[in-house]
Amino acid sequence: WLPALGLSDWFTNLLRRNDFTLHQHIVTLERETAAPLKEIKPNPAVFIRLMQPEDLDRVAEIDQLAFEPIWQNSLSQIKLSYDMAVYATVAEINDQIVGFQISTSTMFSYHLARLAVLPKMQQKRVGLALVTDLIDRARNDRIWQCTINTQDDNHSSLTLYRKAGFTLTGDKFPVFLYKMQANL
């Protein structure tokens, strides 16, 4: 499959005319960091710490398990994201990395560029621990806003971000796929 992001009308029309099919939409959410967090009970087994270079192999492994193929990042992409991050953390349970987040920044906002949790550890408030830690960090750094992108059909991530006080901005971008034909 060849994915393409329709960021403008002319490009979206070109994709449709050339047999690309709509797969999903990317949506944007935002949250002011000063807004109070809802009453969230953290998972006491989750320990959040700064990501280290020696964690990147495990982080890349979690990324591969947590996302569908068009959204998976390679180890080299994970390393590049880590190098560009303003804040990157891992979530551990019993000294095992079970999730991570990598965030970038502008002058006034943090952008949660990547968040992944092992599939067997999802729905156990690991992602929520990572997101609330990021919000706390943003507050401490006097950053006024956090933003996130996700897929409109990723109901787990949308539920997680809403629990953490994020709201949809109304921005959405279509993702198209083209099925490549194998040469025989």
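Fair warning: this is a prediction, and the values are worked out from it, not measured in the lab.

A. View of the sheet that holds strand 8 (residues 167-178). In spatial order, the strands read 1-8-2-7-6-5-4-3; together these eight strands make up an open sheet with mixed pairing. The open sheet has two free edges, formed respectively by strand 1 (2-5) and strand 3 (47-50), since each of these has just one partner strand. This sheet shows a mean twist of 25° between the axes of neighbouring strands, independent of strand direction. Here strand 4 (residues 87-93) runs beside strand 5 (residues 96-105); their pairing, made up of seven bridges, is antiparallel. Directly across from T89, in strand 5, lies its bridge partner Q101. Where helix 2 (residues 56-66) meets the sheet, its contacts fall on strand 4, strand 5 and strand 6 (109-117), and the angle it forms with strand 5 comes to roughly 90°. Of the strands in this sheet, strand 4 and strand 5 are in contact with helix 3 (residues 75-84), which crosses strand 5 at around 55°.

B. Seen up close, the side chain of S103. The topology assignment puts S103 in strand 5. Within the structure, S103 has its side chain in polar contact with the side chain of Q101 (distance 2.6 Å).

C. Examining helix 4 (residues 126-140) more closely. Between its first and last C-alpha atoms helix 4 spans 21 Å; for 15 residues at 1.5 Å apiece the expected length is 21 Å, and the two agree. Residues V126, G127, L128, A129, L130, V131, T132, L134, I135 and A138 constitute the buried set of helix 4. Backbone geometry just downstream of helix 4 places R142 in the positive-phi region, at approximately 60°.

D. Summary view of the packing of helix 4 against helix 5 (residues 155-163). At a closest axis distance of 10 Å, the pairing of helix 4 and helix 5 adopts a crossing angle of 45°. Viewed along their axes, helix 4 and helix 5 adopt a mutual orientation that is oblique. In this structure, the crossing between helix 4 and helix 5 has a hand that is right-handed. Contact with helix 4, carried on its side by G127, L128 and V131, involves L160, Y161 and K163 of helix 5 and no other residues of that element. Among the residues forming the contact of helix 4 with helix 5, the class breakdown is four nonpolar, one polar and one charged.

E. Expanded view of unusual backbone geometry. The phi dihedral of N94 falls on the positive side, at around 55°, and the residue is not glycine. Along the chain, N94 turns up in the loop between strand 4 and strand 5. The phi angle at Q123 is positive, at roughly 70°, despite the residue not being glycine. Here Q123 is to be found in the loop between strand 6 and helix 4.

F. Representation of helix 2 within the structure. Buried within helix 2 are the following residues: L56, V59, A60, I62 and D63. Looking straight down helix 2, one finds that the buried residues subtend no more than 160° of arc, so they occupy a single side. Buried residues along helix 2 sit against helix 3, strand 4, strand 5 and strand 6.

Conventions adopted
Residues numbered from 1 in each chain as written. Predicted model: local features only at pLDDT ≥ 70, side-chain atom pairs only at ≥ 80, totals over all residues. Heavy atoms only, no water. Pairing = 2+ DSSP bridges. Helix = DSSP H or I, 4+ residues; strand = E, 2+ residues; numbered from the N terminus. Axes fitted to C-alpha atoms, helices over the stretch in contact; angles between N-to-C directions. Contact = heavy atoms within 4.5 Å. Polar contact = N/O pair within 3.5 Å; in protein donor to acceptor, adjacent residues only side chain to side chain. Expected span 1.5 Å × (residues − 1). Buried < 20%, exposed > 50% of the residue type's maximum accessible area, 1.4 Å probe, protein only. Parallel < 35°, antiparallel > 145°, perpendicular 65-115°, else oblique. Left-handed = near helix turned anticlockwise from the far one by under 90°. Nonpolar A, V, L, I, M, F, W, Y, C, P; charged D, E, K, R; others polar. Arc of directions from axis to C-beta.

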